[in-house]
Amino acid sequence: MKPAIIVHGGAWKIAEDTHADHIAGTRAAVAAGWALLKQGETALDAVEAAVSAMEDDPTFDAGIGSVLNRVGEIEMDAIIMDGETLALGAVAAVRGIINPVRLARLIVRDTDHSLLVAEGARRFAELKGMRLCAEAELTVPREVERFRALQQKKDYHLSEGFTPDPMDTVGAVAIDANGNVAAATSTGGVHYKLPGRVGDSPLVGAGAYADNLTGAASATGHGESIMRVVLSKTTTDALGQGMSAQEAADYAIKYMYDRVSGYGGIIVVDSQGEIAFAYNTPHMAVAWVDSSGEIQARIKG
Ligand code: ASP
């Protein structure tokens, strides 16, 4: 089997002056995953490497650069899933670590659990020897400014419901030389979210799904819509019904819009190694390795 990998660096409106950073960041993420796949490493290792590269990059809303919630804190969500065994690890509302996807991977490797949240997730990180960091290390000036601006807007009071814009969540899907697929997604969530709000990203089937029998998918966009239609599993189920990777991605995004008026994007790899993406937001940042082995990175709009 020829390996394949595709990553995303979020959907929605990606500001013009950050396009170059998004392209550089998604390109570096694909390169990190592809280097492992070329050496015969697993799809699971490749998606972990790709996503953690974007968590380290302050451009994205994941790890360093995560958005601030309504009390100015950073709470992060992540998931990783192995399509061979259907084993998954996820963390939700975790604070004070740089690479939530690596913590999710340790849950797969070292526990018989699937999802750890908040303080328990952080304690597990500590137990495993992951470096805990101060919030300041994750916080970038861009997000402090955004937080202050939102605080000034009176429509953002707690009592008034509103739909926040999704941000630059990251994700990756891959297939390795043995035909095993994997998916991973990581996010700081949506800006100005209520403390404790968990989005779609760490929820299996919503933020990501991987099954060797069909393929793997990773989602971005409005979490409360994505979880209602279980977007990633809807995409891989469509593969199971005989759709091509592109047809499945298009179908799932259209289904989310038709059913819940939801906006977002999806990346997918099928069990034959075909990759595709679809989105109905103004932009989506994606990068992949093409059939000649070249890395392609684009802000699609
Ligand atoms: N889906 C993420 C969430 O709702 C946000 C995003 O993809 O930008 O937390």
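Quick summary incoming for the structure in this document. Everything numeric in this text was worked out from a predicted model, so none of it was measured.

A word on the overall build of the protein chain. Along the protein chain, the regular secondary structure elements total nine helices and 12 strands. Taken over C-alpha atoms, the radius of gyration comes to 17 Å for the protein chain, in line with the 19 Å a tight globule of 301 residues would show. Dimensions along the principal axes, computed over C-alpha positions, put the protein chain at roughly 55 × 45 × 35 Å. Per-residue burial for the protein chain yields a buried fraction of 58% across its 301 residues. For the protein chain, the proportion of contacts with a sequence separation of at least 24, taken over those separated by at least 6, is 67%.

We now examine the site of the ligand. Neighbouring the ligand are P166, M167, T169, G189, V190, R197, G199, D200, S201, T220, G221 and G223. Separating a nitrogen atom of the ligand from a side-chain N or O atom of D200 is a distance of 2.6 Å. In this structure, T220 approaches the ligand through a side-chain N or O atom, which is 2.6 Å from an oxygen atom. In isolation the ligand offers 270 Å² of accessible surface; the protein chains occlude 100% of this area.

Both strand β11 (residues 283-289) and strand β12 (residues 295-300) contribute to a ladder of six bridges, which runs antiparallel. From the neighbouring strand, V286 faces β12, where its bridge partner is R298.

All right, on to the side chain of T187 then. Along the chain, the position of T187 falls in strand β6 (residues 181-187). On the accessibility criterion, T187 (2% relative accessible area) is buried. Within polar-contact distance, the side chain of T187 engages the backbone nitrogen of G189 at 2.7 Å. In contact with T187, not counting residues within four places along its chain, are D61, A62, M76, D77, T169 and S201.

Time to look at the sheet that holds strand β7 (residues 208-211). Within a sheet, each strand pairs with its neighbour through backbone hydrogen bonds, oriented either parallel or antiparallel. In space, the four strands of this open sheet follow the order β7-β8-β9-β10, with antiparallel pairing throughout. Two strands bound the open sheet, and with one partner strand each, they are β7 and β10 (275-279). Going across the sheet, the axis of each strand differs from the next one's by a mean of 10 degrees, ignoring polarity. One ladder, built from seven bridges, connects strand β8 (residues 215-221) with strand β9 (residues 264-270); its direction is antiparallel. Each residue of the ladder has a partner; that of T220, found in β9, is G265. Relative to the sheet, helix α8 (residues 231-240) contacts β7, β8 and β9, its axis offset from that of β8 by approximately 145 degrees.

One broad rule of soluble globular proteins: the nonpolar side chains tend to lie buried together. Grouped together as the largest cluster of nonpolar side chains are 27 residues, with contacts concentrated most on I5, V7, V30, V47, I80 and A174. Broken down by secondary-structure element, the contributors of at least two residues to this core are β1 (4-12), α1 (19-38), α2 (43-56), α3 (100-110), β5 (170-175), β6, β11 and β12. Sort the elements by how many residues they give to this core and α2 lands first, with seven residues. Ignoring sequence-local partners within four residues, the contact set of V47 consists of I80, A172, V173, A174, A182, A183 and A184. Formed by 23 residues, the second largest nonpolar core is a distinct cluster that contains M76, I97, A121 and V140.

Another aspect to go through is the packing of α1 against α2. Between α1 and α2, the least distance of the axes is 8 Å, while the angle of their chain directions is 155 degrees. Between α1 and α2, the angle falls in the class roughly antiparallel. Judged by the twist between their axes, the crossing of α1 over α2 is right-handed. When α1 is examined against α2, the residues G25, T26, A29, A32, G33, L36 and L37 are found in contact with a partner set consisting of A43, D45, A46, A49, A50, A53 and M54. Residues that form the contact of α1 with α2 fall into these classes: 10 nonpolar, three polar and one charged.

All right, on to α3 then. All buried positions along α3 are accounted for by P100, V101, L103, A104, R105, L106 and I107. For α3, the elements touching its buried residues are α2, β2 (76-82), β3 (88-94), β4 (115-117), α4 (118-127) and β6.

Of note, E224 is situated in helix α7 (residues 223-228). A distance of 2.8 Å separates polar atoms of two side chains, one belonging to E224 and the other to R197.

With that settled, the discussion passes to the sheet that holds β11. Pairing within the open sheet is mixed, and its eight strands lie in the order β4-β3-β2-β6-β5-β1-β11-β12. Either end of the sheet is taken by a strand with one partner, and the two such strands are β4 and β12. Mean inter-strand twist for the sheet, computed between neighbouring axes without regard to direction, equals 10 degrees. Note: β3 against β4, three bridges, orientation parallel.

What follows concerns the pattern of salt bridges. All chains considered together, the criterion is met by 15 salt bridges. The salt bridge involving D110 is made with R109; its shortest N-O contact spans 2.8 Å. The exposure class assigned to R109 is exposed, which follows from its relative accessible area of 61%. One salt bridge in this structure joins D258 and K254, with 2.6 Å as the shortest N-O distance. One end of the pair, D258, and the other, K254, are both in helix α9 (residues 245-260), four residues apart, so they sit about a helical turn from each other. A relative accessible area of 52% places K254 in the exposed class.

Rules used throughout
- Residues numbered from 1 in each chain as written.
- Predicted model: local features only at pLDDT ≥ 70, side-chain atom pairs only at ≥ 80, totals over all residues.
- Heavy atoms only, no water.
- Helix = DSSP H or I, 4+ residues; strand = E, 2+ residues; numbered from the N terminus.
- Rg over C-alpha atoms; globule rule 2.2 N^0.38 Å.
- Buried < 20%, exposed > 50% of the residue type's maximum accessible area, 1.4 Å probe, protein only.
- Contact = heavy atoms within 4.5 Å.
- Near = heavy atom within 4 Å.
- Polar contact = N/O pair within 3.5 Å; in protein donor to acceptor, adjacent residues only side chain to side chain.
- Areas by Shrake-Rupley, 256 points an atom, 1.4 Å probe, with all protein chains shown as cover.
- Pairing = 2+ DSSP bridges.
- Axes fitted to C-alpha atoms, helices over the stretch in contact; angles between N-to-C directions.
- Core = buried A, V, L, I, M, F, W, Y, C linked by side-chain atoms within 4.5 Å.
- Parallel < 35°, antiparallel > 145°, perpendicular 65-115°, else oblique.
- Left-handed = near helix turned anticlockwise from the far one by under 90°.
- Nonpolar A, V, L, I, M, F, W, Y, C, P; charged D, E, K, R; others polar.
- Salt bridge = Lys/Arg side-chain N within 4 Å of Asp/Glu carboxyl O.

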